[in-house]
Structures are given as structure tokens and as C-alpha cells.
Amino acid sequence: NRIKTVAAGKVDFPKEASIIDATGKIVLPGLIDNHVHYRCLLGELFLAHGVTSVRDLGNPLEWIMAQRDGVAQGRIVGPRIFCAGGGFYGRATAEHHVASTDAAETRRAARQLIEQGVDYLKTHLGISPDIARAVAEEAHPAGLRVTGHLDTDIRPYAEAGIDGVEHA
């Protein structure tokens, strides 16, 4: 179920390998849906349509990480999942959102998410550039990116360290 080698010309390969002659063809190993709100039973649907990786933008952390890890361990059928948890909001609208108005508290929450194993961090509507900066200053040294669902000019957020924009 994995492409191990792509080569042209004569190549040594194991006897048990399946060889696919793709001469004159385009090989696309899988699509990535870069913005999903993952739900139960979507895994098989994604795979049926060639989506082999997804980036989840806002589920409760414990649940989405269980889905992510279950897929990675082969216990659940679905695409690879990259997740952030609920995200940082100016005003939380769900239990799993982090309401961020204080930079010090935001940094603590960001460190906690990083320690729990998120794949990236997400900011959302209503946060200030200073809060975005606090998230980015925790994420970047840990090797993580920060994405933002923004409702205003993205330039101050880009200057604060946001790496990508979901909606603007």
C-alpha cells in the first residue's frame, strides 16, 4: 500500500515488489484536503475519493487525536490526519476553544497543546496581533506552524508570525 520507489530505466527491486509501468501516465499518490472539520465516517469517504491526508481545523483535541492516532496505527480506516485542536479565539463559542485575551495565558495554553502533540496551532476570529504573536512565539521554536482564520487585514498577523490564512 505504499510507493517505495519511483524510477526510470533499469532498477534492482525485491522479487515481491509490485511493478507498475506508468510510462506516459501521471502518478498521483493521494490528494490532501487542507481544511476539514473531520467527522465520524468521513475517513472511508475521503479515501474513496483519493484523499489520503487531511488537515483538521477545530475538533476537540482528545477526540481528533484519537482519530489521528487510530488511523496511524491502522485501527481506523481513514486518511492521515494533521490536527490543531480547538484553536485560540477572541471569544470562545465551544467548550474546546481557548479564549485568548491575555498573552501569558495564551502562551501557557499553546505550550500545553504542543506538549499534547498537536501538528500545528490555529488562531481564530477576534484575537489581536499580540495574541497571534504569543501563539507563534511558542509554536515556531517547537517546529510548528500557525494558521489563522482571520476577519481583518492579514498583514499585522503575518508580521506577528501567522504562517497561513484559512479565511480572510
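Presented here is a report on the structure given in the accompanying data block. As the structure is a computational prediction, the values presented were derived from the model and not from experiment.

1. A short note on the pairing of strand E2 (residues 51-56)
No. 1: Counting buried positions over the 6 residues of E2 gives 5, a clear majority of the element.
No. 2: Note: strand E1 (residues 31-36) against E2, 4 bridges, orientation parallel. Residue pairing for E2: Asp33 is matched across the bridge by Val54.
No. 3: Note that E2 and strand E3 (residues 80-83) share 4 bridges and pair parallel. Residue pairing across strands places Asp56 opposite Cys83, the latter belonging to E3.
No. 4: Handedness of the crossover joining E2 and E3 through helix H2 (residues 61-72): right-handed.

2. Side note on the layout of surface pockets
No. 1: Of the voids in this model, the largest pocket is the one considered here, and its volume is about 1200 Å³.
No. 2: Counting only elements with at least two residues in the lining of the largest pocket, the list comes to E2 and H2.

Rules used throughout
Residues numbered from 1 in each chain as written. Predicted model: local features only at pLDDT ≥ 70, side-chain atom pairs only at ≥ 80, totals over all residues. Heavy atoms only, no water. Buried < 20%, exposed > 50% of the residue type's maximum accessible area, 1.4 Å probe, protein only. Helix = DSSP H or I, 4+ residues; strand = E, 2+ residues; numbered from the N terminus. Pairing = 2+ DSSP bridges. Right-handed = clockwise from strand over helix to strand, strands pointing away. 1 Å grid on protein atoms, 1.4 Å probe; cavity = no way out; pocket = protein on both sides within 12 Å on 5 of 7 lines; lining within 4 Å. Points joined across faces, edges and corners; volume = space filled by probe spheres on them.

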